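Reading the structure
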Amino acid sequence: MRRVGPLSLVLAGAALSACTSGPDYRRPEVAVPASHRGLEGPASEASLADTPWWDLVAGDEVLKGLVVEAIGKNHDLRVATARVEEYRALAGIARADLFPSVAAEASASRQKQPVTGLPYVPTYDSFGLGAGASWEVDLWGRIRRSNEAARAQLLATTEARRGVWLSLVTGVVQSYLELRELDLELEIAKRTLGSRKASLDLVTKRLRGGISNRLEASQAESAHAQTEAVIPQLEQGIFAKENQLSLLLGRLPGATPRGRTLVELAPPEVPAGLPSALLERRPDVRQAEQVLAAANAQVGVAESLLFPQLSLTGALGFGSPELSDLLKSGSFVWNVGAGLTAPLFQGGKLRRNVEAAKARWEQAKAQYEKAALAAFGDVANALEAFRRAKESRAAQKRNVAALKAAESSALLRYDGGVSSYLEVLDAQRQLFSGEISLAQVTRDEHLAVVSLYKALGGGWSSAELPPAGQKEE
C-alpha cells in the first residue's frame with residue numbers, strides 16, 4: 001500500500017478548497033423610475049450630489065467654519081468612526097482564519113507514580129520546548145464566506161458613518177439657516193416695533209391736540225405692546241437654536257457666530273441627476289446593500305457546516321526528562337496529523353440554521369428594496385418642496401411690496417383725516433405678517449435645497465474637508 005504523506009494531504013485540501021458553498025452575491029433588481037417625480041424638464045447626468053459641501057455653503061465662511069468644526073468634534077460622528085475601526089479589526093480577525101495558527105510551547109513537569117515491585121515511589125521529570133501549528137482546510141468555503149461577510153459588514157459600517165457625516169453636515173447647515181431666519185424675524189419685529197412706536201407717538205400727539213380720540217390711542221398702544229411681546233419669544237427661539245448648534249458642534253452651549261444674512265445667501269442650482277445613480281450614492285441604500293451581501297455570505301457559511309471539516313496539525317521541538325539534555329540532537333521530536341470531522345446527527349440543527357440564514361437574507365433584501373424606494377420618495381419630496389417654496393417666495397415678495405405701499409397710503413390718509421387709525425393698524429398688521437411669511441418661505445427654499453442634497457447622497461465623491469487654504473471667489 002502506498003503511503004500518503006502530509007504534503008499530499010495539504011495538496012488535496014488545497015484542491016478541494018476551490019469549492020465554495022452558498023450563492024455568489026448579485027444585486028437584486030429594483031424598479032427605477034425613468035425620471036424623478038417633481039423634476040422639471042428632462043433628467044440629466046449632472047447632480048447636486050456631486051457638489052462638495054463647501055460649495056453648497058459658498059459665500060459664507062462662518063458657516064463653512066461651523067461645519068468643519070462639527071466634522072472634527074461631533075460625538076455621533078466620533079462614535080461612527082470608532083465603529084468602523086471596530087469592524088475593520090473584526091474583518092482582520094476573520095481573515096486570520098485563512099492562515100495556519102502557530103504557537104510556541106515550553107513545559108516542565110514533575111510527578112510521582114508508583115511502580116509495582118518497587119519499595120518506593122519514583123519521581124519523573126519532563127521538559128519540553130517547541131512549536132505547534134494547526135490549519136483548517138477551507139474545503140467548502142466556510143472561512144472564505146465568513147471573510148466575505150466580515151468585509152461586507154465593514155463596508156456597511158463605513159456607509160453608516162458616511163450617513164452620519166451627511167446628516168451632520170446638512171444638520172448644521174439647516175440649523176444655521178433656521179437661526180438666520182429667526183434673526184431676520186427678530187430684525188423685522190424690532191423694525192416694526194419702531195414703526196408702531198412712531199405711530200403711537202403720533203396718535204398720542206393728535207389726542208393731546210384734540211384731533212384723535214381715546215379709542216385710537218388705545219388701539220395704537222395695544223399694537224405696540226403686541227409687537228413688543230413677540231420679541232422675547234423670538235429671542236428665546238434664537239437662544240435654543242444656538243444651543244442646538246452647539247450640540248452638533250460638540251461644544252458647550254453658547255452663542256453662534258453669524259455670517260451672511262438669509263437674504264444674502266443664494267441657493268445653488270439643483271440638478272437631481274439620474275434616478276439610477278441614486279442607488280450608488282445614497283449612504284443608507286449602500287449600507288443596506290452591504291448588509292444584504294453579508295447575509296448572502298452567511299448563507300454559504302451555514303451551508304458549509306453541513307459538510308465534513310478537515311484540519312491539519314503539526315509540531316516540532318525538543319523533549320527530555322533532563323533539563324540539561326533538552327537541546328541535544330537526540331531529544332528532537334516532531335509529529336504531523338490530519339483530522340476529519342463530519343456531522344452525523346444534530347437533530348435538524350444545521351438544516352434549521354441554513355433556513356434561518358436564508359430568512360435573514362430575505363429580510364435584508366426587503367430592507368434594501370425599501371431603502372431604495374424611500375430614496376426615490378425623498379428626492380421627489382425635496383424637488384417639490386423647492387419648487388413650491390420658490391413659487392411662494394416670488395408671490396410673497398410681491399405681496400410685501402404691495403403691503404408696504406398700502407401702509408404708506410393708510411398713514412397719509414390718516415394724517416390727512418380721510419380715514420380712521422383702524423385702517424393704519426390693519427395695514428401695519430398685514431405688513432408685519434407678510435414680512436414674517438416672506439422670511440419663512442425664503443428659509444424653506446434654502447432648506448429644500450439642503451434636503452435635496454441629503455436625499456441625493458450629497459458629497460458622495462468628495463473629501464469631507466475642503467482643500468487647505470481654499471478661498472471663496
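In this report, the structure presented in the accompanying data block is examined. (Residues numbered from 1 in each chain as written. Predicted model: local features only at pLDDT ≥ 70, side-chain atom pairs only at ≥ 80, totals over all residues. Heavy atoms only, no water.)

Overall, the coordinates contain 3 aromatic pairs when judged by the stated rule. Aromatic pair Trp53 and Trp54: ring centres 5.7 Å apart, planes at 80°, arrangement edge-to-face. Centroid distance Trp140 to Phe307: 5.0 Å. Interplanar angle 40°. Geometry classified as tilted. Of this pair, Trp140 sits in the loop between strand 2 (123-137) and helix 5 (142-208) while Phe307 sits in the loop between helix 8 (283-304) and strand 3 (309-320), placing them 167 residues apart in sequence. Under the relative-accessibility criterion, Phe307 is labelled partly exposed at 34%. (Phe/Tyr/Trp six-rings, centres within 6.5 Å; stacked < 30°, edge-to-face > 60°. Helix = DSSP H or I, 4+ residues; strand = E, 2+ residues; numbered from the N terminus. Buried < 20%, exposed > 50% of the residue type's maximum accessible area, 1.4 Å probe, protein only.)

This part is about the packing of helix 3 (residues 61-73) against helix 5. Packing of helix 3 against helix 5 leaves a shortest axis separation of 10 Å and a crossing angle of 145°. Considering how the two elements wind past one another, helix 3 and helix 5 form a crossing that is right-handed. In this structure, helix 3 uses Val62, Leu63, Leu66, Val67, Ala70 and Ile71 to contact helix 5, whose residues at the interface are Trp165, Leu168, Val169, Val172, Val173 and Tyr176. (Axes fitted to C-alpha atoms, helices over the stretch in contact; angles between N-to-C directions. Left-handed = near helix turned anticlockwise from the far one by under 90°. Contact = heavy atoms within 4.5 Å.)

Before going further, it helps to spend a moment on the sheet that holds strand 2. Read from one edge of the open sheet, 4 strands run 1-2-3-4, paired in antiparallel fashion. Two strands in the sheet have a free side with no partner beyond their single neighbour: strand 1 (101-112) and strand 4 (332-341). The sheet shows a mean angle of 20° between the axes of neighbouring strands, direction not considered. Note that strand 1 and strand 2 share 12 bridges and pair antiparallel. (Pairing = 2+ DSSP bridges.)

Take a nonpolar patch on the surface next. A surface patch of nonpolar side chains, about 360 Å² in accessible area, is lined by Val115, Leu118, Tyr120 and Tyr124. Mapped onto the secondary structure, Val115 falls in the loop between strand 1 and strand 2. On the basis of relative accessible area, Val115 is assigned to the partly exposed category, the value being 33%. (Patch = residues over 30% accessible without salt bridge, like charges linked within 9 Å, V, L, I, M, F, W, Y side chains within 5 Å. Areas by Shrake-Rupley, 256 points an atom, 1.4 Å probe, with all protein chains shown as cover. Salt bridge = Lys/Arg side-chain N within 4 Å of Asp/Glu carboxyl O.)

Bear in mind that shape data such as this cannot, by itself, settle questions of function.
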